[in-house]
Amino acid sequence: MKQFNILCKCFMGFEETLKAEMEKLGVRKCEILRRAVKGHCSAEQLIAINYQLRTALSVQVLIKEFSISSTEDFYTKAFNIPWEEYFHENKSFKIDNTVFSTFFNNSGFASLKLKDAVVDRFKKTKGFRPNVNLLKPDVFIHLTIQENRVIIGFNTSGDPLFKRGYRQKSSEAPINETLAASLLMTSSWDQKSSISNPMCGSGTIGIEAALIALNKAPNINRRSFGYENLDFLEIKPEQIEAVKNKILSEEIENEDFVVFCHDIDSEMIYATQLNASNAGVLSSFRAKKADFFNEKVKNKAKFIFINPPYDERMEIDEPEEFYEDMGSRLKQGYGGTKTYIITTFEDVYKCIGLRAQEKLQTTNGALKAFYFGLEIFDGNMKEYKTNNA
C-alpha cells in the first residue's frame, strides 16, 4: 500500500493535541514541529483525516525536504523538483507559506522565489507555464521554512479545514472553528459530558463540542478537497465514497449530552441555533438569551467554556474589573466546576482570584491569546483572598 509523508498544520500551543489526534486516527511516525506535526499515512487515511481532524488547519503531502545556504540555493533546489510529475501545466496554483528564517526577512519573497522556480521548471520541461490563481486555485502548494530547513508539499485539504461550512451567521469576532476544537480537546473535558458555554456568541465552541461528543467528522459535508486535483496521489472516487460512508457509520447518539449556552444578544442566540442546525447538532442545544453577570442562570454542567468578547464584540473599559466580576459570578453560580477561559488578558486568573491549574499561550486571529483552566470552588472571592493571604 502506497504511503505518503504528511505535514498537518495547527495553532501554536496545540502540537501535542494534534499529534495525539493523528495517532488515534492511525497516522504513524508522528513528529512535532513548530505549529505542525509530521507523519506517514496511506491514501485512505489521507482521505479520512481530511474529513476527521479537528485540530488541524490543513493536511499536506510532502514532496521534498532540503537544507539551504542562501536564497539562490533555495531557488536552485526548488527548480530541480520535477513539478511536471505532480500536476499538469493547465492547472492553476497558489503558494502559501510558513517562514521562520533569517534567509527570508519577508515571507512573501520566499513564495515569490518558489513561484519563479515552479514556473521556470514548467517552461523548460513543457514549454508552457501554469497560471497563478490566488482566489480559486486548482493546486495548493505549501512552503515551510524553519531557519535553513525547507519543507515543500501540496495542501490536500484545499480550503483551510476550519471552514467547516456550518457558520451561516456570526458575531463580530467569532472564534476560529479549529481553535475552538483545539481548546476543547486540550482540556480535561471527557468529550461526552454536557458543557456550559456562557457568552456563546455564534455558538462555535458549543457546536465543536457537540461534533466531538457525537463523533461527527467536522468536514464530512465538505464538497471538495485539494487532493482531487493531484493526480499523482492516484485517489479514486470510489475510495473517497467508501471512506466517507465508514466515517458516517461511526457517528454515535448521546442523548445525555447537552450544550447549555446563553448570550446577552438575542441575535447571537438565533445565530447559534442556525449554525447548530447547519452542523446537524441542534437537538443537543439549550440556548437562552441571558446576561451572564446580572441574570441568574442555573448551571447544569461540570465543564464550562468561556470566550469573552476581547473588547471587539463588547467594549471592556476596565478588564481587571470585568474579570473580577466574572470571578464572583463564577463562584456564585458555577461552584464545583472546571472552567476554561480563552482571553487576550494574561492576568485574568489573578483577577478571578484563583491559580490557573492549566495555562497555554496561543493566538486567536491576529491577537495573542491565553487559555486558562480553573477549578471553581464554592464561596466568594473575599473569603478566598483572606484564606490565601
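Refer to the structure presented above.
Residues numbered from 1 in each chain as written. Predicted model: local features only at pLDDT ≥ 70, side-chain atom pairs only at ≥ 80, totals over all residues. Heavy atoms only, no water.

(A) A look at a positive patch on the surface. On the surface, a cluster of positive charge is made up of Arg286, Lys288, Lys298 and Lys300. Looking at the element boundaries, Lys300 is found in the loop between strand E10 (285-289) and strand E11 (303-306). (Patch = residues over 30% accessible without salt bridge, like charges linked within 9 Å, V, L, I, M, F, W, Y side chains within 5 Å. Areas by Shrake-Rupley, 256 points an atom, 1.4 Å probe, with all protein chains shown as cover. Salt bridge = Lys/Arg side-chain N within 4 Å of Asp/Glu carboxyl O. Lys, Arg positive; Asp, Glu negative; His and termini not counted. Charge placed at Lys NZ, Arg CZ, Asp CG, Glu CD. Helix = DSSP H or I, 4+ residues; strand = E, 2+ residues; numbered from the N terminus.)

(B) Main features of the sheet that holds strand E13 (residues 358-364). Taken in spatial order, the 7 strands of this open sheet run E10-E9-E8-E11-E12-E14-E13, and their pairing is mixed. In the strand order of this sheet, the two ends are held by E10 and E13, each with one partner. Between one strand axis and the next, the sheet turns through 15° on average, direction left out of account. Here strand E8 (residues 195-198) runs beside E11; their pairing, made up of 2 bridges, is parallel. Paired with Ser196 across the strands is Ile304, a residue of E11. Contacts from helix H5 (residues 177-186) reach E11, strand E12 (338-343), E13 and strand E14 (367-375), with the element oriented near 170° to E13. Most of the contacts of helix H8 (residues 266-279) go to E10, to which it runs at about 165°, and overall it touches strand E9 (259-263) and E10. (Pairing = 2+ DSSP bridges. Axes fitted to C-alpha atoms, helices over the stretch in contact; angles between N-to-C directions. Contact = heavy atoms within 4.5 Å.)

(C) Quick look at the packing of aromatic side chains. Within the structure shown, the criterion is met by 24 aromatic pairs. Ring geometry for Phe87 versus Phe122: centroids 5.2 Å apart, planes at 55°, classification tilted. Here Phe122 lies in helix H4 (residues 107-126) and Phe87 lies in the loop between helix H3 (71-79) and strand E5 (93-100), a separation of 35 residues in the sequence. With a relative accessible area of 0%, Phe122 lands in the buried category. Aromatic side chains Phe322 and Tyr323 sit 4.9 Å apart centroid to centroid with 90° between the ring planes, which places their arrangement in the edge-to-face category. According to the relative accessible area criterion, Phe322 is buried, its value standing at 10%. Exposure remark for Tyr323: the relative accessible area of 3% places this residue in the buried category. (Phe/Tyr/Trp six-rings, centres within 6.5 Å; stacked < 30°, edge-to-face > 60°. Buried < 20%, exposed > 50% of the residue type's maximum accessible area, 1.4 Å probe, protein only.)

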